[in-house]
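Chain by chain, the residues run as shown.
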Amino acid sequence: KCAIRGTPPYLHHELTEAVKAADSFWTLEDGELHIQMTKLHKGRPWVSLFKGHGMLDPAAEEAEKARLMKERFAEEHPGFDF
(Lines give C-alpha, C1' and ligand atoms only; values in the text may rest on other atoms or scores of the structure.)
Protein backbone atom coordinates (compact mmCIF):
# COMPACT_ATOMS: atom_id res chain seq x y z
CA LYS A 1 0.00 0.00 0.00
CA CYS A 2 1.25 3.49 -0.83
CA ALA A 3 -0.43 6.37 0.98
CA ILE A 4 -0.03 9.51 3.04
CA ARG A 5 -1.37 9.08 6.57
CA GLY A 6 -4.97 10.14 6.85
CA THR A 7 -5.68 9.96 3.10
CA PRO A 8 -6.89 7.15 0.84
CA PRO A 9 -4.05 5.06 -0.65
CA TYR A 10 -2.64 6.02 -4.03
CA LEU A 11 -1.86 2.39 -4.71
CA HIS A 12 -3.39 -0.62 -3.00
CA HIS A 13 -2.59 -3.85 -4.89
CA GLU A 14 -0.91 -7.08 -3.85
CA LEU A 15 2.54 -7.50 -5.42
CA THR A 16 3.56 -10.81 -6.99
CA GLU A 17 6.91 -10.78 -5.14
CA ALA A 18 8.31 -9.34 -1.93
CA VAL A 19 10.18 -6.02 -1.72
CA LYS A 20 12.64 -4.55 0.77
CA ALA A 21 10.39 -1.94 2.36
CA ALA A 22 13.30 -0.10 4.01
CA ASP A 23 15.03 0.30 0.60
CA SER A 24 11.87 1.32 -1.27
CA PHE A 25 10.34 4.77 -1.48
CA TRP A 26 7.88 6.95 -3.35
CA THR A 27 7.60 10.61 -4.25
CA LEU A 28 4.80 12.77 -5.56
CA GLU A 29 6.01 15.36 -8.07
CA ASP A 30 3.70 17.68 -9.99
CA GLY A 31 0.76 15.38 -9.29
CA GLU A 32 2.63 12.31 -10.61
CA LEU A 33 3.42 9.36 -8.35
CA HIS A 34 6.93 7.85 -8.69
CA ILE A 35 7.59 4.54 -6.93
CA GLN A 36 11.01 2.91 -6.47
CA MET A 37 10.84 -0.66 -5.13
CA THR A 38 13.83 -2.86 -4.32
CA LYS A 39 13.24 -6.55 -4.89
CA LEU A 40 13.80 -8.84 -1.90
CA HIS A 41 15.05 -11.69 -4.12
CA LYS A 42 17.45 -9.93 -6.48
CA GLY A 43 17.94 -12.57 -9.19
CA ARG A 44 14.31 -13.62 -9.57
CA PRO A 45 12.32 -11.96 -12.38
CA TRP A 46 8.79 -10.84 -11.67
CA VAL A 47 6.29 -12.28 -14.13
CA SER A 48 3.92 -9.44 -13.21
CA LEU A 49 4.03 -6.44 -10.89
CA PHE A 50 0.61 -7.01 -9.32
CA LYS A 51 -1.17 -10.32 -8.70
CA GLY A 52 -3.94 -10.86 -11.21
CA HIS A 53 -2.52 -8.42 -13.76
CA GLY A 54 -0.79 -9.07 -17.10
CA MET A 55 1.98 -11.65 -17.12
CA LEU A 56 5.26 -11.76 -19.07
CA ASP A 57 5.15 -14.10 -22.02
CA PRO A 58 7.53 -17.10 -21.70
CA ALA A 59 10.08 -15.68 -24.17
CA ALA A 60 10.21 -12.33 -22.35
CA GLU A 61 10.54 -14.14 -19.02
CA GLU A 62 13.52 -16.17 -20.30
CA ALA A 63 15.15 -13.03 -21.72
CA GLU A 64 14.72 -11.28 -18.36
CA LYS A 65 16.21 -14.25 -16.50
CA ALA A 66 19.25 -14.18 -18.81
CA ARG A 67 19.64 -10.40 -18.33
CA LEU A 68 19.45 -10.76 -14.55
CA MET A 69 22.02 -13.58 -14.54
CA LYS A 70 24.40 -11.47 -16.65
CA GLU A 71 23.87 -8.47 -14.36
CA ARG A 72 24.52 -10.56 -11.26
CA PHE A 73 27.65 -12.11 -12.77
CA ALA A 74 28.96 -8.64 -13.66
CA GLU A 75 28.42 -7.47 -10.06
CA GLU A 76 30.17 -10.53 -8.63
CA HIS A 77 33.09 -10.32 -11.12
CA PRO A 78 33.70 -6.58 -11.69
CA GLY A 79 36.99 -7.08 -13.55
CA PHE A 80 35.54 -9.52 -16.08
CA ASP A 81 34.94 -7.96 -19.51
CA PHE A 82 32.18 -9.46 -21.65
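What counts, and at which threshold
- Residues numbered from 1 in each chain as written.
- Predicted model: local features only at pLDDT ≥ 70, side-chain atom pairs only at ≥ 80, totals over all residues.
- Heavy atoms only, no water.
- Helix = DSSP H or I, 4+ residues; strand = E, 2+ residues; numbered from the N terminus.
- Rg over C-alpha atoms; globule rule 2.2 N^0.38 Å.
- Contact = heavy atoms within 4.5 Å.
- Areas by Shrake-Rupley, 256 points an atom, 1.4 Å probe, with all protein chains shown as cover.
- Lys, Arg positive; Asp, Glu negative; His and termini not counted.
- Charge placed at Lys NZ, Arg CZ, Asp CG, Glu CD.
- Polar contact = N/O pair within 3.5 Å; in protein donor to acceptor, adjacent residues only side chain to side chain.
- Salt bridge = Lys/Arg side-chain N within 4 Å of Asp/Glu carboxyl O.
- Phe/Tyr/Trp six-rings, centres within 6.5 Å; stacked < 30°, edge-to-face > 60°.
- Buried < 20%, exposed > 50% of the residue type's maximum accessible area, 1.4 Å probe, protein only.
- Pairing = 2+ DSSP bridges.

**Some remarks on the overall build of the chain**
Across its full length, the chain holds 1 helix and 2 strands. What you see in the chain, going N to C, is helices and strands ordered as β-β-α. Taking 82 residues into account, the globule formula puts the C-alpha radius of gyration at 12 Å, and the chain, at 16 Å, lies well above it. C-alpha extents for the chain along the principal axes are approximately 50 × 30 × 25 Å. Summarising the internal contacts of the chain: among those between residues at least 6 apart in sequence, 35% fall at separations of at least 24. Split by element, the accessible area of the chain, about 6,600 Å² in all, is 55% carbon and sulfur. Seen as two clouds, the 11 positive and the 14 negative side-chain charges of the chain have centres 7 Å apart.

**A closer look at the side chain of Ser-48**
By the secondary structure assignment, Ser-48 is in the loop between β2 (32–36) and α1 (58–76). Of note is the side chain of Ser-48, whose polar atom sits 2.9 Å from the backbone oxygen of Phe-50. Beyond its immediate stretch of four places on either side in the chain, Ser-48 contacts Thr-16, His-53, Gly-54 and Met-55.

**Things to note about the pattern of salt bridges**
Per the counting criterion, the structure on display carries 7 salt bridges. Residue Lys-42 pairs with Glu-75 through a salt bridge whose shortest N-O separation is 2.3 Å. With Lys-42 in the loop between β2 and α1 and Glu-75 in helix α1, this residue pair connects regions lying 33 residues apart in the sequence. One salt-bridge network, in which partners are shared between bridges, spans Glu-61, Glu-62 and Lys-65.

**Section: the packing of aromatic side chains**
Under the definition given, this model contains 1 aromatic pair. Aromatic pair Phe-73 and Phe-80: ring centres 5.3 Å apart, planes at 85 degrees, arrangement edge-to-face. Among the residues examined, Phe-73 registers a relative accessible area of 33% and is labelled partly exposed.

**A word on the pairing of strand β1 (residues 25–29)**
Side chains on a regular strand alternate between the two faces of the sheet. Strand direction decides the pairing type here: β1 and β2, joined by 5 bridges, are antiparallel. In the strand pairing of β2, Phe-25 is matched with Gln-36. Where β1 folds back on β2, the antiparallel hairpin that results is connected by 2 residues, among which Asp-30 adopts a positive phi of roughly 50 degrees.

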